[in-house]
Amino acid sequence: MQDWRVKSLDRPAPSELRVHCQYFSQLGWALFAQMLSMLTVQVVVSALVGLLAPALLSDPIFLWTLSVVSAYGVGFPAFCLMIRRVDARPLEPGRPLGPARFFQVYLIVLALMYLTNMATLAFTALIGLLRGETVVNPVEQMESYPVALTTLLGCVIAPITEELMFRRLLLNRLRPYGEKFAVVASALCFGLFHGNLNQVFYAFAIGLVFAYVALRTGRLWQVMLLHAMVNSISVLILPLLEPLGTAGENLLSLLVFMAIVVGIVFLVALRREVRFAPSPSPLSTGWTWRVFFENPGMACFCVLFVALCVIYLLPQG
C-alpha cells in the first residue's frame, strides 16, 4: 500500500518553491491592496470629516457612500491593478444551470449560510459572555442605510464586483494548482475579505458553492444572480417581515427551517455529482497549501484580517 504521507513530505526543489511562493504572494498582495486601500480611505475621510463636518459621521447616506466608494471605487481597482500582473487560466464555457438546478443550488447556499451563521452567532455570543460585553456585528450598521441604497449595494454592486474579484480574477489564477484547491482557496479568501468574525464563516461556506458553480458552468452571470438573491434576503425580505412583529419572526423562523432542511436534502442528493479535474500542478496538496500561506503577500493579508477582527472584538466606547 502506498503511503500518502510520502508525497506530501516530498520537498520540492528550493528554486521551484520560490517560484510558487512568488506566484501566491502576488495574489496575496492584490487582496492586501484592496483591503488596505479601502481602510485607508475610510480612516482618512472619516478623520477629515470629523474635523470639518462631524455631523456627517452619523448620516446614513454619507456612511453608505464612504463604504461603497472605499471598497468598490478604490479597493476593487487596486485589486485589479495588482492581480493583472499574474497570468490567468480562463474558465472554459460549460452548461449553464437549468431553472430547477439553479433553484436547488440556491437552497443549498441558503442552508449553508444559515447553518454557519448560527454557529457564528453561538461563537460570538460565547466570546461576548467571556469578555462581559456583547460582540458588535459591523453588518448591523447597514440597517441604518436607506432601503434603496442597501438594495443597490447588496443586490447589484457587491454581487458584480465581488464575483469578478473572486470567481473570475482570483479563481482563474488559482486553477493551475487544481480545481479543488482553487475552489477552496478562493472561498477562503472570500471569507477573509469580509474582515470580521460575523461574516467570515458563512462567506467561506457560500463561497465554495459560488466557486464550484463558476468552475463548472463558466457562466459568471449565474453566480452573480445567486449572490444577489442571497443578499436580497437581508436587504429586502427581512425589512418586509419586521413590521409584522411576532408573526413576522415566526414566519421567518419557518422559512429558515424549511430552507435548511430542503437545502441539506439537495446537498446530500447532489454530492455525487461534484467532480474535480486532476491537478496539473507538480506540487502535492500539502505543499500547495503550505506555499499558499507561507509568502509575504498572503501573510500580510491574513494578518490584516486578524487585526480587523481584534479591533471589532475590543470593548466599545
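Above: the structure in question.
If you're wondering where the values come from, they're calculated on a predicted model, not measured in any experiment.

Chemist: What exactly am I supposed to notice about the state of the cysteines here?
Modeler: What is meant by a disulfide is a covalent connection between two cysteines, made through their sulfur atoms. A complete count under the given rule lists zero disulfides for this structure. The thiol of Cys 80 is not disulfide-bonded; the next cysteine sulfur, from Cys 189, is found 15 Å away. Cys 302 provides the cysteine sulfur closest to Cys 189, a residue in no disulfide bond, and the two sulfurs are 7.4 Å apart. Relative accessible area serves as the criterion here: at 2%, Cys 189 is assigned to the buried category.

Chemist: Mind showing me how you'd approach the packing of helix 7 (residues 197-217) against helix 8 (residues 220-241) here?
Modeler: Any two packed helices are characterised by the angle at which their axes cross and by the distance between the axes. Contact pair helix 7 / helix 8: the axes reach a minimum separation of 9 Å and the direction vectors enclose 155°. The orientation of helix 7 with respect to helix 8, classified from their angle, is roughly antiparallel. Where helix 7 crosses over helix 8, the handedness of that crossing is right-handed. Counted together, Phe 210, Val 213, Ala 214 and Thr 217 of helix 7 and Gln 222, Val 223, Leu 226, His 227 and Val 230 of helix 8 form the full contact between these two elements.

Chemist: Whenever I open this one, the pattern of salt bridges confuses me. Can you help?
Modeler: It is possible for side chains bearing opposite charge to pair when their charged atoms get close. Under the counting rule described, the total for this entry stands at four salt bridges. Among the ionic pairs, Glu 273 bridges to Arg 101, the shortest N-O distance being 2.8 Å. Taken together, the residues span a long stretch of sequence, with Glu 273 in the loop between helix 9 (246-270) and helix 10 (285-293) and Arg 101 in helix 4 (residues 99-131) at a distance of 172 residues. Overall, Arg 101 belongs to the partly exposed group, its relative accessible area being 30%. The partner of Glu 179 in a salt bridge is Arg 216, and the shortest N-O contact between them spans 3.2 Å. Placement of Glu 179 in helix 6 (residues 179-193) and of Arg 216 in helix 7 is noted, with a sequence separation of 37 residues between them. Residue class for Glu 179 comes out buried when judged on its relative accessible area of 11%. On the basis of relative accessibility, which here comes to 22%, the residue Arg 216 falls in the partly exposed class.

Chemist: Where do I start with the side chain of Thr 217 in this structure?
Modeler: Secondary-structure assignment places Thr 217 in helix 7. At a separation of 3.1 Å, a polar atom in the side chain of Thr 217 contacts the main-chain amide nitrogen of Arg 219.

Chemist: Honestly, the packing of aromatic side chains in this entry has me stumped. Any pointers?
Modeler: Any two aromatic rings considered together are summarised by their centre-to-centre distance and by the angle between their planes. Taken as a whole, this structure holds 16 aromatic pairs when the rule is applied. Between Tyr 23 and Tyr 177 the ring centres are 5.6 Å apart and the planes differ by 50°, which places this aromatic pair in the tilted class. Taken as a pair, Tyr 23 in helix 2 (residues 14-52) and Tyr 177 in the loop between helix 5 (147-174) and helix 6 lie far apart in primary sequence, 154 residues in all. Under the relative-accessibility criterion, Tyr 177 is labelled buried at 8%. Through successive ring pairs, a cluster of aromatic residues spans Tyr 23, Phe 24, Tyr 177, Phe 181, Trp 289, Phe 292 and Phe 293.

Chemist: What's the story with helix 5 in this structure? I'm lost.
Modeler: For an α-helix, the turn length of 3.6 residues means that residues three or four places apart are oriented alike. The axis of helix 5 is deflected most strongly, by about 40°, at Ala 158, and proline Pro 159 appears within four residues downstream. Extensive coverage of helix 5 is indicated by the burial of 20 of its 28 residues.

Chemist: Could you clarify how one ought to interpret the nonpolar core in this entry?
Modeler: Note on soluble globular proteins: their nonpolar side chains tend to be buried together. By size, the foremost hydrophobic cluster in this structure holds 85 residues, and its most contacted members are Phe 24, Leu 27, Leu 110, Tyr 114, Phe 166, Leu 174 and Phe 292. Element by element, the count of residues in this core is highest for helix 7, at twelve residues. If we ignore the near neighbours within four places in the chain, the residues touching Leu 27 are Ile 83, Val 86, Leu 170, Arg 173, Leu 174 and Met 298.

Scoring rules and cut-offs
Residues numbered from 1 in each chain as written. Predicted model: local features only at pLDDT ≥ 70, side-chain atom pairs only at ≥ 80, totals over all residues. Heavy atoms only, no water. Disulfide = S-S within 2.5 Å. Buried < 20%, exposed > 50% of the residue type's maximum accessible area, 1.4 Å probe, protein only. Axes fitted to C-alpha atoms, helices over the stretch in contact; angles between N-to-C directions. Helix = DSSP H or I, 4+ residues; strand = E, 2+ residues; numbered from the N terminus. Parallel < 35°, antiparallel > 145°, perpendicular 65-115°, else oblique. Left-handed = near helix turned anticlockwise from the far one by under 90°. Contact = heavy atoms within 4.5 Å. Salt bridge = Lys/Arg side-chain N within 4 Å of Asp/Glu carboxyl O. Polar contact = N/O pair within 3.5 Å; in protein donor to acceptor, adjacent residues only side chain to side chain. Phe/Tyr/Trp six-rings, centres within 6.5 Å; stacked < 30°, edge-to-face > 60°. Bend = angle between axes of the 7 residues up to and from the residue. Core = buried A, V, L, I, M, F, W, Y, C linked by side-chain atoms within 4.5 Å.

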